[in-house]
Protein chains: 2
Amino acid sequence: MISKKTKYAINALVYLARHHKEHEPIQISRIAESEHIPRKFLEAILLDMKNAGILSSRKGKTGGYYLHKTPDEINIAEVMRLFDGPIALLPCVTHNYYERCEECKDEATCGIRSVFADVRNETVNMLKNATLQAIMDRSEAMQKALEK
Amino acid sequence: MISKKTKYAINALVYLARHHKEHEPIQISRIAESEHIPRKFLEAILLDMKNAGILSSRKGKTGGYYLHKTPDEINIAEVMRLFDGPIALLPCVTHNYYERCEECKDEATCGIRSVFADVRNETVNMLKNATLQAIMDRSEAMQKALEK
DNA sequence: TACATATCCCATCGGATTAATAGGAATTAA
DNA sequence: TTAATTCCTATTAATCCGATGGGATATGTA
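Residues numbered from 1 in each chain as written. Chains lettered and ligands numbered in written order. Predicted model: local features only at pLDDT ≥ 70, side-chain atom pairs only at ≥ 80, totals over all residues. Heavy atoms only, no water.

The name recorded for chain A in an unreviewed UniProt entry is Rrf2 family transcriptional regulator, from Limnovirga soli.

Kindly report on the packing of helix α6 (residues 132-147) of chain A against helix α5 (residues 111-129) of chain B, identifying the contributing residues and their values.
As a packed pair, α6(A) and α5(B) sit with axes 8 Å apart at the nearest point and diverge in direction by 100 degrees. When the axes of α6(A) and α5(B) are compared, the pair comes out roughly perpendicular. Of α5(B), the residues touching α6(A) (which contributes Ile135(A), Arg138(A), Ser139(A) and Met142(A)) are Gly111(B), Ile112(B), Ser114(B), Val115(B) and Asp118(B). (Axes fitted to C-alpha atoms, helices over the stretch in contact; angles between N-to-C directions. Helix = DSSP H or I, 4+ residues; strand = E, 2+ residues; numbered from the N terminus. Parallel < 35°, antiparallel > 145°, perpendicular 65-115°, else oblique. Contact = heavy atoms within 4.5 Å.)

Quick one: what's the story with the protein's contact with DNA strand D, residue by residue and with numbers?
Around DNA strand D lies a shell of 25 residues, among which Lys40(A), Ile28(B), Glu43(B), Ser57(B) and Tyr65(B) are the nearest. Of all atoms in DNA strand D that approach within 4 Å of the protein, 69% are sugar or phosphate atoms. Glu43(B) places a polar side-chain atom, nitrogen or oxygen, 2.2 Å from a base nitrogen of DNA strand D. Gly60(B) is positioned with one of its backbone polar atoms (N or O) 3.5 Å from a base oxygen of DNA strand D. (Near = heavy atom within 4 Å. Polar contact = N/O pair within 3.5 Å; in protein donor to acceptor, adjacent residues only side chain to side chain.)

Give a detailed account of the side chain of Thr131(B), specifying residues and quantitative values.
All names here are of chain B. Looking at the element boundaries, Thr-131 is found in the loop between α5 and α6 (132-147). Among the residues examined, Thr-131 registers a relative accessible area of 12% and is labelled buried. With residues near it in sequence (within four places) discarded, Thr-131 still touches Pro-71, Asp-72, Ile-74 and Asn-75. (Buried < 20%, exposed > 50% of the residue type's maximum accessible area, 1.4 Å probe, protein only.)

Please provide a residue-by-residue account of the pairing of strand β2 (residues 64-67) of chain B, values included.
Residue and element names in this part refer to chain B. The pairing of strand β1 (residues 55-58) with β2 spans four bridges and is antiparallel. Looking across to β2, one finds that Ser-56 is bridged to Tyr-66. Linking two consecutive strands that pair antiparallel, namely β1 and β2, is a turn of five residues; a positive phi of about 70 degrees is found at Gly-60 within it. (Pairing = 2+ DSSP bridges.)

So, in structure tokens, the structure goes:
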């Protein structure tokens, strides 16, 4: 399961992508209200995403947050890694956080490892393709399909 | 990431599958030593798997654990669910533990949900196919490939 | 300049979960 | 009867998660 932090982050990002107007900052409290996220909690989340280069912000009156990249350049894999760490289910199949299994006798021929490596690759692929743009497109397509 | 409990469980299962001789129980301590799992911890893990119908046991002297099903009937999805709960990354895309997202406005057209539903389906598929037999086969295939 | 309103930053908190251990009851073969 | 094993309950230390509080800092506007 992903953490609430990650879920909130994704919801906030999609909100920002939907209301995206050329560097027009949107305030934390507006996002918090609309997406039903605890105000103070969201504050920390957005700040983290700013420091990670996903968002930009303006301080002071009329301040707020906006996307630092375009909606098709921000994907869920990036967000999940930021808040929940590695996407892989085993440390021995992560790329960025690799750690050997203490109990492992031979990594090169470990059947368990090879299963979880496949799962990781497939998952990362799907989550990388899941950009904010892709999410909005999907949502729209589903709406149209229902209207018929 | 899967818990150590799940990882230990899988390692123990593969060990049992490899040393599988028609209802011949293998002792906890033997598995613990060979797989480098804390003895007492493994005790609880094997007991859980017995209560879940994956293992059988014999008590008393010459007692121990053995597979209750054949190696191709036991898969990783089942083990993960037992110890770590749902495989899905969001509660709104699980089959057995479904829970609505509080903040969700319309589940039927939620783009986020549809992404995580895809991931769930793909992952469950792969993990269901990852039986103890399949793991042993993979391992053997990799060994042969290296010997060349 | 003063003020209102934002983000930024740090510290803390209760509760849940995880990994592991301890101690002893129940069972069974020899 | 005894030795060896699984079974069962309780406890622990450490860590993480979700959330909150208070105040420092920046900035547009009257």
